[in-house]
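# Understanding the architecture of this molecule
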Amino acid sequence: MIFSLQGIVQELTPTYAVINVNGVGYYVGISLMTSQTLILNQETMLFIQQIIREDAHLLFGFKTRSEKEMFNLLISVNGVGAVSALILLSTLSLSEIATAILSKNSAVIQKAKGLGAKTAERIIVDLKDKVQKFGSVEENNSVLVNNKSKDEALSALEVLGISKRMSEKIADRIIKQNPEISVEELVKQILKNI
C-alpha cells in the first residue's frame, strides 16, 4: 500500500497532479484544497490513499493527514465514492464539512455537486460521531505547524508538572494572538499566564 509520494509536480490541474518520483510519474487525484498548495516543477510530498478496484488502481493525494482522514471517512459512507468525496473537499473546508455534519445541516453538504439530499443525510448520520476533531481544524499550514508547536509546548509543560488541561486554553489564546510563535516562546508565555 502506498502511504505517501515525494517528488516533482510534473503536471498540475485542479483535479489531478502527476508526481514524478525518480522518473516514474504517478497520476494522483486531488482536491482543489491540495491543488492550491502545489507548484508546478517543484518538489512536494502528498499523503496517498490507494483504492484498488477490479478495473483500476487509483491514487488520491492530500497535502495534510487531516484531509486524507476526512476523505476516508467520507468514502466509508454508503453511496459516497472517491470522486464525490473529492468534490466535497474541493467545495468546503474540513471545518465547514465537520460543522455541517455536527449541526445536521444537509443543505451545506448538498452544495457539493452531485450530492443529493439522501446522501447528505447519510453522511450526517454515519459521521456525526467521527468528525468532532475536525471542527477546529484549520487547513492552512501555519496553523498545522502551530498545532505541532502547541503539542510540543504542552508536553514540555507536563514534564514540569503543569496539567495539559490548564495550559491548553492559555496556549490557544496565545497562538491566536501570535500564530508564528516558537515552542520556547510559547512555553514562556504560558508559564507567565498560569
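The rules we used
- Residues numbered from 1 in each chain as written.
- Predicted model: local features only at pLDDT ≥ 70, side-chain atom pairs only at ≥ 80, totals over all residues.
- Heavy atoms only, no water.
- UniProt positions renumbered as here; feature names shortened; annotations may be inferred.
- Helix = DSSP H or I, 4+ residues; strand = E, 2+ residues; numbered from the N terminus.
- Buried < 20%, exposed > 50% of the residue type's maximum accessible area, 1.4 Å probe, protein only.
- Domains from an automatic or database assignment.
- Contact = heavy atoms within 4.5 Å.
- Buried area = accessible area lost by both parts, 1.4 Å probe.
- Salt bridge = Lys/Arg side-chain N within 4 Å of Asp/Glu carboxyl O.
- Polar contact = N/O pair within 3.5 Å; in protein donor to acceptor, adjacent residues only side chain to side chain.
- Nonpolar A, V, L, I, M, F, W, Y, C, P; charged D, E, K, R; others polar.

The name given to the chain in an unreviewed UniProt entry is Holliday junction branch migration complex subunit RuvA, with the source organism recorded as Chryseobacterium aquaticum. Listed under Sequence similarities (unreviewed entry) in UniProt, the entry text for the chain is "Belongs to the RuvA family." As its UniProt record puts it under Subcellular location (unreviewed entry), the chain is described as follows: "Cytoplasm".

## With respect to unusual backbone geometry
For residues that are not glycine, phi is negative in most cases, and the peptide bond is trans in most cases. Of note in the backbone geometry, N22 takes a positive phi value of approximately 50° without being a glycine. Relative to the elements of secondary structure, N22 occurs in the loop between β2 (16-21) and β3 (24-29). Classification of N22 as exposed rests on a relative accessible area of 79%. One non-glycine residue with positive phi stands out, namely K104, at about 55°.

## Observations concerning the domain arrangement of the chain
As far as domains go, the chain holds domain 1 (2-60), domain 2 (64-132) and domain 3 (140-190). Contact residues are listed per partner, giving 12 residues for domain 1 and 14 residues for domain 2. In total, about 1,100 Å² of surface goes out of reach between domain 1 and domain 2, with carbon and sulfur atoms giving 67% of it. Of all residues in domain 1, M33, F47 and Q49 give up the largest surface area on contact with domain 2, accounting jointly for 46% of the area buried on that side. For the pair domain 1 and domain 2, the number of links is zero salt bridges. Applying the counting criterion to the domain 1 and domain 2 interface returns five residue pairs in polar contact (both at pLDDT 80 or more). Classifying every residue of the side of domain 1 that touches domain 2 by side-chain character gives eight nonpolar, four polar and no charged.

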